[in-house]
Amino acid sequence: MTMKSNPAVTTPDSPAVVIEAHAEIFPVNYAVNNVSVIFRTAEGAKFPAVTSNSQVAFEIDGYEATTEQAWSVVLCGIGQELHHDSGLAEPTVPPLQPWQGGNKEHVVRINTVTLNGRRFPVPRADIWTTPLADTRRSTFE
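Computed from a predicted model, the values in this text were never measured in an experiment.

Basis of the calculations
- Throughout, residues of each chain are indexed from 1 in the direction in which the sequence is written.
- The model is predicted, so local features are restricted to residues of pLDDT at least 70 and side-chain atom pairs to those at 80 or more, both for listing and for counting; the totals for chains, interfaces and linings are taken over all residues.
- Just so you know, side-chain values use all the structure's heavy atoms and leave hydrogens and water out.
- Only Phe, Tyr and Trp rings are paired, with Trp represented by its six-membered ring, and only when their centres lie within 6.5 Å; those with planes under 30 degrees apart are stacked, over 60 edge-to-face, the remainder tilted.
- Only DSSP runs of H or I with at least four residues qualify as helices, and only runs of E with at least two residues qualify as strands; both kinds are numbered from the N terminus onward.
- Per-residue accessibility, obtained with a 1.4 Å probe over protein chains only, is compared with the maximum for each type, and a residue is labelled buried under 20%, exposed over 50%, and partly exposed between these values.
- Only when DSSP finds a minimum of two bridges between them are two strands counted as paired.
- N or O atoms closer than or at 3.5 Å make up a polar contact, with two conditions inside protein: a donor-capable atom paired with an acceptor-capable one, and, for residues adjacent in sequence, both atoms drawn from side chains.

Student: What am I meant to see in the packing of aromatic side chains here?
Tutor: Ring pairs (aromatic) are described by centroid distance and by the angle formed between their planes. Throughout the structure, instances matching the rule amount to one aromatic pair. Look at Y30 and F58: their rings are 5.4 Å apart centre to centre, the planes differ by 70°, and that puts the pair in the edge-to-face class. On the criterion of sequence distance, the pair formed by Y30 in strand β3 (residues 30-33) and F58 in strand β5 (residues 55-64) is long-range, its members being 28 residues apart. In this structure Y30 comes out as buried when scored by relative accessible area, which is 9%.

Okay, structure coming up:
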């Protein structure tokens, strides 16, 4: 599957990392650069976890209204901080507008090791109702 660069990302997606032996998921605003994901972050639990040379998973989901199809991509890779003096950071980082305020001084790239994805049609809403969502069920309880 090919990841397309989308400089106008409007929804945050989530890197997943392991912190103290349990998984953590953090929403971030990101940009796609070739087959890498780039995001800005502040100091905190996410930054050292994603740049500690351990595996990071990043999931991106979307929906295309014109085709009524959804898609999901999971990128697994290694996080790397991009430094201003390396010449890698600012010239190649698309503008990233975080939804949460504060200083996001670190630029992180997740270098892809594996990339998997799928595309699937989304059924009409009346098809995905389940017996548990059926309002008539409450009369039987």
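From this point, the discussion proceeds with the structure in view.
Student: Looking at this structure, I do not really get the pairing of strand β7 (residues 106-121). What am I missing?
Tutor: In summary, the side chains of a regular strand alternate between the two faces of the sheet. Sheet topology note: the strand β4 (residues 36-41)/β7 ladder contains five bridges and is antiparallel. By the bridge assignment for β7, T41 is matched with H106. Across 14 bridges, strand β6 (residues 69-82) lies against β7 in antiparallel orientation. When the bridges of β7 are listed, C76 appears paired with T114.

Student: Teacher, can you tell me more about the environment of E59 here?
Tutor: Assignment of secondary structure puts E59 in strand β5. Sequence-wise, E59 and L75 are 16 residues apart; in three dimensions their C-alpha atoms are separated by 6.4 Å. One polar contact links E59 to S72, side chain to side chain, over a distance of 3.3 Å.

Student: How should unusual backbone geometry be read in this particular structure?
Tutor: Only a minority of non-glycine residues have a phi that is not negative, and only a minority of peptide bonds are not trans. With a phi close to 60°, N34 is a non-glycine residue in the positive phi region. Here N34 is to be found in the loop between β3 and β4. Judged by relative accessible area, N34 falls into the exposed class, the value being 63%. At N53, a residue that is not glycine, the phi angle is positive and equals roughly 65°. Mapping N53 onto the fold places it in the loop between α1 (46-50) and β5.

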